[in-house]
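Tertiary structure, described
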Amino acid sequence: MGAPLSAWPWENFGIFKYLLYGPFVAKVLYERFYDEEHSNSNNLSWCLHLLILCGLRGLIHTLWTCYGNMLFLVRNRRIVQQGVDFKQVDKEWDWDNFLILQALVASIACYMFPFLQHLPPWNVKGLIVALMLHVGISEPLYYWVHRRFHGDYLFTHYHSLHHSSPVPQAFTAGNATLLEHLILTAVIGIPILGTSVLGYGSATLIYGYVLIFDFLRCFGHCNVEFVPHQLFEIFPILRYVIYTPTYHYLHHTDKDTNFCLFMPLFDALGNTLNSKSWQLHKKLSSGSGNGGPVPHFVFLAHVVDVTASLHAPFVFRSIASLPFTTRLFMIPLWPCTFIVLLAMWVWSKTFLIAFYYLRGRLHQTWVVPRCGFMYFLPFATEGINKQIEQAILRADRIGVKVISLAALNKNESLNGGGKLFVDKHPNLKVRVVHGNTLTAAVILNDIPEDVKEVFLTGATSKLGRAIALYLCQKKVRVLMLTLSTDRFQRIQKEAPLEYQSYLVQVTKYQVAQNCKTWIVGKWITPREQSWAPRGTHFHQFVVPPIFSFRRDCTYGDLAAMRLPEDVEGLGYCEYTMERGVVHACHAGGVVHSLEGWSHHEVGAIDVNRIDLVWKAALKHGLRPVSRTTQ
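Quick summary incoming for the structure in this document. Given the structure is predicted, the values throughout are model-derived calculations rather than measurements. (Residues numbered from 1 in each chain as written. Predicted model: local features only at pLDDT ≥ 70, side-chain atom pairs only at ≥ 80, totals over all residues. Heavy atoms only, no water.)

Side note on the overall build of the protein
From N to C terminus, the protein includes 26 helices and 15 strands. If you line up the protein on its principal axes, its C-alpha atoms span 95 × 60 × 55 Å. Put simply, the protein has 630 residues, and 53% of those count as buried. If you take every contact in the protein between residues at least 6 apart in sequence, the share linking residues at least 24 apart comes to 70%. Within the structure as shown, the protein displays about 29000 Å² of accessible surface, and the carbon and sulfur contribution to it stands at 61%. Between the mean site of the 56 positive side-chain charges and the mean site of the 44 negative ones, the protein shows a separation of 6 Å. (Helix = DSSP H or I, 4+ residues; strand = E, 2+ residues; numbered from the N terminus. Buried < 20%, exposed > 50% of the residue type's maximum accessible area, 1.4 Å probe, protein only. Contact = heavy atoms within 4.5 Å. Areas by Shrake-Rupley, 256 points an atom, 1.4 Å probe, with all protein chains shown as cover. Lys, Arg positive; Asp, Glu negative; His and termini not counted. Charge placed at Lys NZ, Arg CZ, Asp CG, Glu CD.)

Below, the structure written as structure tokens:
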């Protein structure tokens, strides 16, 4: 059993904790439709004020977290370079518990002090009084209590939760125990209640003070130093008036220093000011002290569709930590997201959106801001290739060892599986990898050994060709769906003479009505799926995945591999993949990097390397992921 007031009363409620806002909503609706006095009044209900204030406070924390995760903007000014992992995301999942608590406390205060329900909209004197109460009471009270929480008992049973997050973020500011937030509620409430009791309270004061309080708390936890050091050099007194993210970060590393709420003055008076505060701040704010190491490996991803772009780690951190699925709240955001995506398209830059460490090596994900449908527009081909080329040249310029191309970025009709760039720039030091060798290996090793016949769509694609050539040498009959006899014959001639008879050209889906192993490399409709016999399993390497239409058949996921257990800083799911799982082409680039191979992996797949790449992946701790859905 935990210490008293260390747990939240509603910690087991899950999403149902938000029902605690229900009485406020009910009172607002009652006053709007049934209470004539309130329905005829132009003044907003105090319950509605509380709901609006909670919404704005949540928005402030969310926007600050989004900003802190926009690596393409802040990577050179990040204080802690480590990524936010799944453990921290889960630990801070209920960061907003304090909003519910303070809404409930505020409602009690409104009943105890009825004059709080009828405050004027504005009072200038109140702002001055509140500032005096904040500096004179709230700041020293917080400083004193905060130091007490760093004693052995209080820290172990209460405050250690807040310090357990390795990477400070805005959500970390709200991640604390019930007792801590009860005290913080008093710290916030003293200036508001005191000013109101003195007759200078106003609605503007409450909104302004609470939102600025949250803004500064998030600012201190954002893990990005953007306050210019020149400001403190010109006005030295400001060093003691307002803290910085660097200042607060030092408190998390040296727990006996920098205890202030917002004003370092009280640390100076209490002799707890960290001597490194201004020196480190200058180093970080200049952007010269933390540019970050050069990544060994880059995965060049792309947006699948507009809704999926909301799955980026810098949009909704919690949503990005779960496998992607379309959620109802995403639908209203679609128009705004589409406009932002178009703006990024016009900007025509690749963006760093995530990273993780594996075996001490930095792996980054860059994204080309192009939606999936854009790759199939003939007039967009040149622009897309230009963006990919710029990303490859940038990676080469900064010293990246391997850059791997995501599914559509290596489309055969687009750039020949990356061959276009290698041919155009023969002196590249960075190795360009399409990763399809490992993708083929994952698919092939997922096929049961006793299978004697398969039906293959997308048969003349890079992957289709490699799968067909590999299987025919295992004496598996491959029904290759293609209308191009020339392309089929070219592939057939690549097989050893004694195995060529195992490759069979077919032109209709009806031919596969007795084959229970389908390998789908080209999108097929539910009608085309209907030709498969009952009990068929659909392996697939098509983007996006086909619909799971048949209830009497099973569907495999896209080829994927689970990263080793020692991966660090990974806190996002790659599209629909589970936590710690990446697409096989991504994993193929990882293996290429870990092995230190010096060749480019572009163009056609070398069938003779499939088993070699597979064994290398297993050697480095990557494991295949095979999940079947009905």
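Structural notes on a nonpolar patch on the surface
A contiguous nonpolar surface patch, about 570 Å² in accessible area, is contributed by Phe13, Ile15, Phe16, Tyr18 and Leu19. Inspection of the secondary structure assignment puts Leu19 in the segment before helix 1 (22-33). (Patch = residues over 30% accessible without salt bridge, like charges linked within 9 Å, V, L, I, M, F, W, Y side chains within 5 Å. Salt bridge = Lys/Arg side-chain N within 4 Å of Asp/Glu carboxyl O.)

Remarks on the nonpolar core
Membership of the largest hydrophobic core comes to 81 residues, with the highest contact counts inside it found for Leu438, Leu471, Leu503, Ile519 and Ile610. The element that contributes the greatest number of residues to this core is helix 22 (residues 462-472), accounting for eight residues. Sequence-distant contacts of Leu438, defined by excluding residues within four places in its chain, comprise Met561, Ala584, Ala587, Gly588, Val591, Val613, Trp614 and Ala617. Val74, Ala130, Phe232 and Tyr243 belong to the second largest nonpolar core, which has 30 residues in total. (Core = buried A, V, L, I, M, F, W, Y, C linked by side-chain atoms within 4.5 Å.)

Considering the environment of Leu265
In this fold, Leu265 is placed in helix 14 (residues 265-269). Here the alpha-carbon distance between Leu265 and Ile237, two residues 28 residues apart in the chain, equals 9.3 Å.

Details of the environment of Ser530
Mapped onto the fold, Ser530 is located in the loop between helix 24 (526-529) and strand 10 (537-540). With relative accessibility at 41%, the residue Ser530 sits in the partly exposed group. It is 9.3 Å that separates the C-alpha atoms of Ser530 and Gln510, two residues lying 20 residues apart in sequence. A distance of 2.3 Å separates the side chain of Ser530 from the backbone oxygen of Arg527, its partner in a polar contact. (Polar contact = N/O pair within 3.5 Å; in protein donor to acceptor, adjacent residues only side chain to side chain.)

What about the sheet that holds strand 14 (residues 623-625)?
Strand order in the open sheet made by the three strands is 13-12-14, with antiparallel pairing throughout. Strand pairing shows two members of the sheet lacking a second neighbour, strand 13 (581-583) and strand 14, which therefore form its edges. Going across the sheet, the axis of each strand differs from the next one's by a mean of 40°, ignoring polarity. Strand contacts of helix 25 (residues 584-595): strand 12 (560-562) and strand 13, with the helix running at about 95° to strand 13, the strand carrying the most contacts. (Pairing = 2+ DSSP bridges. Axes fitted to C-alpha atoms, helices over the stretch in contact; angles between N-to-C directions.)

Comments concerning the pairing of strand 1 (residues 297-302)
The side chains of a regular strand alternate, residue by residue, between the two faces of the sheet. With respect to burial, strand 1 is a largely interior element, six of its six residues being buried. Alternating residues of strand 1 divide into Phe297, Phe299 and Ala301 and Val298, Leu300 and His302, and every residue in both groups is buried. Bridging between strand 1 and strand 3 (residues 361-368) involves six bridges; their strand directions are parallel. If you follow Ala301 over to strand 3, its bridge partner there is Val367. In this sheet, strand 4 (residues 402-405) lies alongside strand 1 in parallel orientation, the contact comprising four bridges. In the strand pairing of strand 4, Phe299 is matched with Ser404.

Some details on the sheet that holds strand 2 (residues 351-358)
Strand order in the open sheet made by the five strands is 2-3-1-4-5, with mixed pairing throughout. A single partner strand is all that each edge strand has here, and the edge strands are strand 2 and strand 5 (431-433). Taken over all neighbouring pairs, the strand axes of this sheet differ in orientation by 20° on average, direction set aside. Bridging between strand 4 and strand 5 involves three bridges; their strand directions are parallel. Each residue of the ladder has a partner; that of Val402, found in strand 5, is Arg431. Across the sheet, helix 18 (residues 381-398) is in contact with strand 1, strand 3, strand 4 and strand 5; its angle to strand 3 comes to roughly 155°.

Considerations on helix 13 (residues 245-253)
Working note: α-helix, 3.6 residues per turn, so residues spaced by three or four point in the same direction. The buried fraction of helix 13 amounts to seven of the nine residues, a majority that puts the element mostly inside the structure. Where helix 13 is concerned, the buried positions are Pro245, Thr246, Tyr247, His248, Leu250, His251 and His252. The elements touched by buried residues of helix 13 are helix 7 (124-148), helix 8 (152-163), helix 11 (203-221), helix 14 and helix 15 (277-285).

Some details on the packing of aromatic side chains
Taken as a whole and assessed by the stated rule, the structure comprises 32 aromatic pairs. Ring geometry for Tyr240 against Trp278: centres 6.4 Å apart, planes inclined by 75°, an arrangement best described as edge-to-face. With Tyr240 in the loop between helix 12 (229-234) and helix 13 and Trp278 in helix 15, the pair connects residues that are 38 residues apart, well separated along the chain. On the accessibility criterion, Tyr240 (31% relative accessible area) is partly exposed. What makes Trp278 buried here is its relative accessible area of 18%. Taken together, Trp64, Tyr67, Tyr209, Phe213, Phe215, Phe219, Phe226, Tyr243 and Phe262 form an aromatic cluster joined through their ring pairs. Taking the ring centre of Trp366 as reference, the NZ or CZ of Arg394 above it sits at 4.1 Å. (Phe/Tyr/Trp six-rings, centres within 6.5 Å; stacked < 30°, edge-to-face > 60°. Lys NZ or Arg CZ within 6 Å of the ring centre and 35° of its normal.)

As for helix 7
The end-to-end C-alpha distance of helix 7 is 35 Å, a good match for the 36 Å that 25 residues give at a rise of 1.5 Å each. In the structure, helix 7 departs most strongly from a straight axis at His134, where the bend amounts to approximately 40°. Along helix 7, the positions that sit buried rather than exposed are Gly126, Val129, Ala130, Leu133, His134, Ser138, Glu139, Tyr142, Tyr143, Val145 and His146. Contact partners of the buried residues in helix 7: helix 8, helix 10 (178-197), helix 11, helix 13 and helix 14. If you check the start of helix 7, you find a side-chain oxygen 3.1 Å away from the backbone N of Lys125, and it comes from Asn123. (Expected span 1.5 Å × (residues − 1). Bend = angle between axes of the 7 residues up to and from the residue.)

Comments concerning the packing of helix 21 (residues 436-445) against helix 25
Relative to each other, helix 21 and helix 25 sit at 120°, their axes nearing to 7 Å. It follows that helix 21 is oblique to helix 25 by the angle criterion. When you trace helix 21 past helix 25, the crossing you get is right-handed. Contacts between helix 21 and helix 25 involve Leu438, Thr439 and Val442 on the former and, on the latter, Ala584, Cys585, Ala587, Gly588 and Val591. Residues that form the contact of helix 21 with helix 25 fall into these classes: six nonpolar, two polar and no charged. (Parallel < 35°, antiparallel > 145°, perpendicular 65-115°, else oblique. Left-handed = near helix turned anticlockwise from the far one by under 90°. Nonpolar A, V, L, I, M, F, W, Y, C, P; charged D, E, K, R; others polar.)

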